[in-house]
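# A closer look at the structure
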Amino acid sequence: MSSSSDLHPQQEAIIKDLGVTSTFNAKEEATTRIRFLADYMKANRLMTCVLGISGGVDSSVCGRIAQLAVTTLREEGHKEAKFIAIRLPYGVQRDEDDAQNALRFIQPDEILTINVKPSADAALEAVKASGHTFRDEKQQDFIHGNIKARQRMVVQYAVAGAHNGLVIGTDHAAEAVMGFFTKYGDGGVDIEPLSGLTKRRVRALGSHLGAPDSLVQKIPTADLESLAPGKTDEDAFGGGLTYEIIDDFLEGKPVSMEAASKIVYTYTVTTHKRNMPANPHAH
């Protein structure tokens, strides 16, 4: 980590808040995070875990960690431990080949495919039928994207609930600092095995676990907006911010003051997304 004088005044506090460490060893992190998930499942007597698999590096790595965690539990005598991977396409997914490649890498105990298009579209139409109007087509499309993310979480909790299980999330520090997740969508989960990792460290973990380069190096996209299909995360960040810059910031390296200020501003205005619901007694 650079000296404090090289960093934005709020940089160290944000790094600490998001749990990003100054050192990283992929092998040690893999062992720690697999053990963490296994221990959490055992302590809470929840022997099934569920995760949506998109075909990106985050869900690929998280899915493999989940499968290794339940394998560990079975080896320790918990024969009922199981991981269910769920494909959650909105209609036909353009990069379905990547999703299938991810599943081959993960080797989950069980695979389900649930199309969220009917439920997501029905929810939007119900809102419109109430008489509510959106500002414009772009706003409607953005809100529809949030509905898709939340329908995916509804489905995952339905499956987890049927198995007395928990839902795994893929959020990591590089997304958390930008508030780059849907509140009560992909952000509505029980446990986050990738928490505290930068994007490059997630990729390094993927490589260590044996993920193919096509998944490890895949350009990240949430792909929620129908009017902007395939829109990359970095396009969504705006302002020239990239994961490379965000990772440097989180790993305590100096970045331009302009970039640091944009990250700090985004972190500040998305605080509500990372916190539990506000209440009069919270401080």
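Above this text is the structure in question.
Report follows, based on the coordinates. (Residues numbered from 1 in each chain as written. Predicted model: local features only at pLDDT ≥ 70, side-chain atom pairs only at ≥ 80, totals over all residues. Heavy atoms only, no water.)

One pass over the structure, following the stated rule, counts 21 salt bridges. Between E96 and R87 there is a salt bridge; the shortest N-O distance is 2.5 Å. Taking relative accessible area as the criterion, R87 reaches 1% and is therefore assigned buried. For K218, the salt bridge goes to D95, with nearest N and O atoms at 2.5 Å. Of this pair, K218 sits in the loop between α9 (213-216) and α10 (233-237) while D95 is found in the loop between β2 (82-87) and α4 (96-106), placing the two residues 123 residues apart along the sequence. Connected via shared salt-bridge partners are R200, R201, E244, D248, E251 and K253. (Salt bridge = Lys/Arg side-chain N within 4 Å of Asp/Glu carboxyl O. Buried < 20%, exposed > 50% of the residue type's maximum accessible area, 1.4 Å probe, protein only. Helix = DSSP H or I, 4+ residues; strand = E, 2+ residues; numbered from the N terminus.)

Attention now moves to the sheet that holds strand β4 (residues 166-167). Reading across from one edge, β3-β2-β1-β4 is the order of the 4 strands in this open sheet, with parallel pairing throughout. Unpaired on one side and paired on the other, β3 (110-113) and β4 mark the two borders of the sheet. Where strand β1 (residues 48-52) meets β2, 5 bridges bridge the pair, whose relative direction is parallel. Along β2, the bridge assignment pairs T48 with K82. (Pairing = 2+ DSSP bridges.)

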